[in-house]
Amino acid sequence: MTDGQKKPKGAGKSSFELINSDILMEVLPVKPGSVVLDLACGKGIYSMFLSEIVGDTGLIYAVDLWEEGIRLIGKEIEEKNITNILPLLDDATAQIEIDDYSVDVCLMATVLHDFEEMNKSGAVIEQVKTILKPGGYLAVIEFKKIDGPPGPPMKIRLAEDDTEKMVSGYGFKKVKIVDIGEYNYLMIFKSIRS
């Protein structure tokens with residue numbers, strides 16, 4: 001990399017082409033005007049998809065630690081004159097520079113297993129809970145616990161029960177789980193902060 005920064009694990013890869021985006025659009029609690037955090041967004045493929053759903057009155061925070069990915073998003077939104085995506089270079093395991101209680105939905109697309117492997121999933125989920133509005137949603141897409149490829153090695157994949165147990169321990173309640181393709185599932189949680 002030209003900037004001398006180490007490329008984060010999984011950077012540059014996207015699960016978007018593996019999922020059924022029609023099902024995702026149907027079940028995600030995102031609508032026109034929603035404020036969405038695409039956490040560990042990579043090159044922003046999910047951000048672009050969500051941008052069309054939230055429309056001119058919504059906002060997508062595209063957050064990643066990977067500088068090249070954030071540059072690519074910035075270039076694409078400039079070329080396409082997209083005004084509802086805000087790329088942010090931030091470390092989700094440390095501090096995300098987004099106001100507390102300001103986001104309707106956080107999407108973590110095939111990244112929770114990476115945070116768990118780094119022993120940072122708890123810190124990330126705690127931070128997401130603080131950024132979400134009371135009653136906000138966390139949508140987690142993960143690879144099914146089946147042999148790959150595609151996807152990460154079996155030993156770091158998260159079974160549905162593992163994901164539910166992990167996230168529920170931080171003040172979230174599972175709302176639904178949906179099969180969104182041959183390789184992936186989507187689990188939606190609601191913040192139960194009082």
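Residues numbered from 1 in each chain as written. Predicted model: local features only at pLDDT ≥ 70, side-chain atom pairs only at ≥ 80, totals over all residues. Heavy atoms only, no water.

*Asks:* Tell me about the side chain of N84, and please be specific about residues and values.
*Replies:* Secondary-structure assignment places N84 in the loop between helix 3 (67–79) and strand 3 (85–89). A residue is classified by how much of its surface remains accessible, and N84, at 5% relative accessible area, is buried. Within the structure, the side chain of N84 is placed 2.6 Å from the side chain of S51, a separation counted as a polar contact. With residues up to four places along the chain from it excluded, the contact list for N84 reads S51, V54, G55, G58, L59 and I60. (Helix = DSSP H or I, 4+ residues; strand = E, 2+ residues; numbered from the N terminus. Buried < 20%, exposed > 50% of the residue type's maximum accessible area, 1.4 Å probe, protein only. Polar contact = N/O pair within 3.5 Å; in protein donor to acceptor, adjacent residues only side chain to side chain. Contact = heavy atoms within 4.5 Å.)

*Asks:* Residues and numbers for a negative patch on the surface, please.
*Replies:* Together, E116, E160, D161 and D162 give the surface a local cluster of negative charge. Residue position: E160 is located in helix 6 (residues 160–168). By relative accessible area, E160 is classed as partly exposed at 38%. (Patch = residues over 30% accessible without salt bridge, like charges linked within 9 Å, V, L, I, M, F, W, Y side chains within 5 Å. Areas by Shrake-Rupley, 256 points an atom, 1.4 Å probe, with all protein chains shown as cover. Salt bridge = Lys/Arg side-chain N within 4 Å of Asp/Glu carboxyl O. Lys, Arg positive; Asp, Glu negative; His and termini not counted. Charge placed at Lys NZ, Arg CZ, Asp CG, Glu CD.)

*Asks:* Which residues make up the packing of aromatic side chains, and what are the values?
*Replies:* Applying the stated rule across the entire model yields two aromatic pairs. Relative to Y46, the ring of F16 has its centre 5.1 Å away and its plane inclined at 90 degrees; by these criteria the two rings are edge-to-face. With a gap of 30 residues between them, F16 in the segment before helix 1 (21–27) and Y46 in helix 2 (residues 45–54) connect regions that are remote in the sequence. On the accessibility criterion, Y46 (5% relative accessible area) is buried. When the ring of F16 is compared with that of F49, the centres are 5.3 Å apart and the planes differ by 55 degrees; the resulting orientation is tilted. Residue F16 is found in the segment before helix 1, and its partner F49 is found in helix 2; the two are separated by 33 residues along the sequence. The residues F16 and F49 share a single accessibility class, namely buried. Within the aromatic cluster, the residues linked to one another by ring pairs are F16, Y46 and F49. (Phe/Tyr/Trp six-rings, centres within 6.5 Å; stacked < 30°, edge-to-face > 60°.)

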